[in-house]
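What follows is the residue order along each chain.
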Amino acid sequence: MTCLRALFAVVCLWLLAAAAPLWAEPLQVSVAAPYLDVHSGPGRGYPVFHVVERDEVITLLKSRADWIKIRTYRGITGWIGREDLALTLGPDGQPPLFLDPRHEDYLVNRVELGFAMGDFGGADSLQANLGYRFTRHLSAELRLAHNTGQFSDSEIIAAALVHQPFPEWRVSPFFALAAGQIKTYPSATLVETEDRQDNLAQASLGAYVHLSGRFFLRVEYVNHYLFTSRDSNEEVNEWKLGFNAFF
Amino acid sequence: METGIQRVFLKRCLQPLLLACMFLPGLAAAQDQDDDELGKIITPDLERRQIKESMLDSENFELGAFYGVLNVEDFGSNPVVGFHFSYHVTESFFLEAAYGESETEKTSYELLSGGVELLTEEERQLRYYNLSIGYAFLPGQVYIGKRWAFNTRIYLIGGAGNTEFADKEYFTYNLGAGLRFYATDWIAFDLSMRNHAFTHELFGESKNTNNLEARFGLSLYF
């Protein structure tokens, strides 16, 4: 539960810091295609209830996933597809610069949020990760994991460095090295043991699989090395499957 | 003679000088004016900026609260309250983190046997969190009267999390579906069902439980 609270705090702080800037001037573009469909909602299935014609000036209001809310000069509001913006011209005579989600540049200076579930040496594991990609190939990552097992529960907090040699591939492999701490809570009903806190190192190998837009599937195999206070160190293998999004 | 020389001097030297003195400022001014006119044509006052994605406000996050009934197998149906935080990755897919709390009641055995207490008050508290992936489909509209049309969406959701109950944590799978009603673009009402499935050994044997939750929620997009 402490992992969860920490994650919520991190997410909330990040959101406050990244609050969208308020632009005084309206963002206006003119239509450069014969017409554009205007939908009643932000989705393919919502009906087209209006069209905007060539040279008509429209105001961009906000975006939701792959859709942009617009207002026409008559005051009608509706939604156009994000890709339709390529068929409009801004004040500089250029289409607005909305990056293609698969554009390589999109992979730099991006925050990555994801979660995964898997098997941690027989225990069920659940992990959340928050990463920042500072070059095309490298990203730093904070990992919080909660493992629930038959004999003990544990919580892991770790910082990782992830290297992705071919970020543009649809199935792109990566490897990571991480260091952190693990807290173990043995089941009280089984044996009289104390809660333990140990340092751990992780080495992992995995792959990102591009699903759609900014959305990825992530499979990972992690080798945990626990530096215990007992005579021998402990090794735990984990595999996990999760979803990650860039924004 | 002298006057003749003076006249020539005046005519040849002073006159152009005087003329220059009289007209130069004007000439200069005229030239400035030309530059201004030209300047206006070449660089208009309007700042020609390219519209970038970062200039547009994006509303991909959602924060919501819910209230409903959670039925915990053997421990009765009780009110549940919680909140969730979602990120809409595409128009169809979203990621959600949720937290909920409920207080369970005594089992039938505890009630019938009289004084037996299986759990303490603190242990009866049930708290859960989960991380899920949702898929929104079947977009539609609801019409209220002649003038109002509201967007709706049906979604399926599934994921995993942990449930803290009876002083232990249980790995829990959740599966559910719901209907979302958009009052505006950024306020949505939610009517949904979830099943929280986990295995416990509270009665000695391992038991798989399916705990159904029906709830009503309110979400804000930002």
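Predicted model only: the values in this text are computed from it and were never measured.

Topic: the domain arrangement of chain A
Then comes step 1: Looking at the assigned domains, one finds that chain A contains domain 1 (27-98) and domain 2 (107-246).
Then comes step 2: Computed from C-alpha atoms alone, the centre-to-centre distance between domain 1 of chain A and domain 2 of chain A is 41 Å.

A short note on the interface of chain A and chain B
Then comes step 1: Contact with chain A, which involves 65 residues of that partner, is made by 54 residues of chain B.
Then comes step 2: The junction of chain A with chain B conceals about 5300 Å² of combined surface from both sides, 62% of it contributed by carbon and sulfur atoms.
Then comes step 3: Applying the counting criterion to the chain A and chain B interface returns five salt bridges.
Then comes step 4: With a shortest N-O distance of 3.1 Å, Glu59(B) and Lys62(A) are connected by a salt bridge.
Then comes step 5: Linking chain A with chain B are 17 residue pairs in polar contact (both at pLDDT 80 or more), by the criterion used here.
Then comes step 6: Secondary-structure elements contributing two or more residues to the side of chain A that touches chain B are helix H1 (2-17), strand E1 (27-31), strand E4 (57-64), strand E5 (67-71), strand E8 (110-120), strand E9 (123-133), strand E10 (138-148) and strand E15 (234-246) of chain A.
Then comes step 7: Of the residues forming the side of chain A that touches chain B, the biggest block, six residues, is contributed by H1(A).
Then comes step 8: In terms of residue class, the side of chain A that touches chain B is built from 37 nonpolar, 16 polar and twelve charged.
Then comes step 9: Here E4(A) runs beside strand E1 (residues 57-58) of chain B; their pairing, made up of two bridges, is parallel. Bridging from a neighbouring strand, Ser63(A) pairs with Ser58(B) of E1(B).

What about the pattern of salt bridges?
Residues and elements named next belong to chain B.
Then comes step 1: Under the counting rule described, the total for this entry stands at 26 salt bridges over all chains.
Then comes step 2: In this structure, lysine 207 engages aspartate 74 in a salt bridge whose closest nitrogen and oxygen atoms are separated by 2.6 Å. Of this pair, lysine 207 sits in strand E9 (residues 207-221) while aspartate 74 sits in the loop between strand E2 (61-71) and strand E3 (77-88), and the two are 133 residues apart along the sequence.
Then comes step 3: Here lysine 207 falls in the partly exposed class, since its relative accessible area comes to 26%.
Then comes step 4: When the shortest N-O distance is used, the salt bridge between glutamate 101 and arginine 127 registers 3.6 Å.

Cut-offs used in this document
Residues numbered from 1 in each chain as written. Chains lettered and ligands numbered in written order. Predicted model: local features only at pLDDT ≥ 70, side-chain atom pairs only at ≥ 80, totals over all residues. Heavy atoms only, no water. Domains from an automatic or database assignment. Contact = heavy atoms within 4.5 Å. Buried area = accessible area lost by both parts, 1.4 Å probe. Salt bridge = Lys/Arg side-chain N within 4 Å of Asp/Glu carboxyl O. Polar contact = N/O pair within 3.5 Å; in protein donor to acceptor, adjacent residues only side chain to side chain. Helix = DSSP H or I, 4+ residues; strand = E, 2+ residues; numbered from the N terminus. Nonpolar A, V, L, I, M, F, W, Y, C, P; charged D, E, K, R; others polar. Pairing = 2+ DSSP bridges. Buried < 20%, exposed > 50% of the residue type's maximum accessible area, 1.4 Å probe, protein only.

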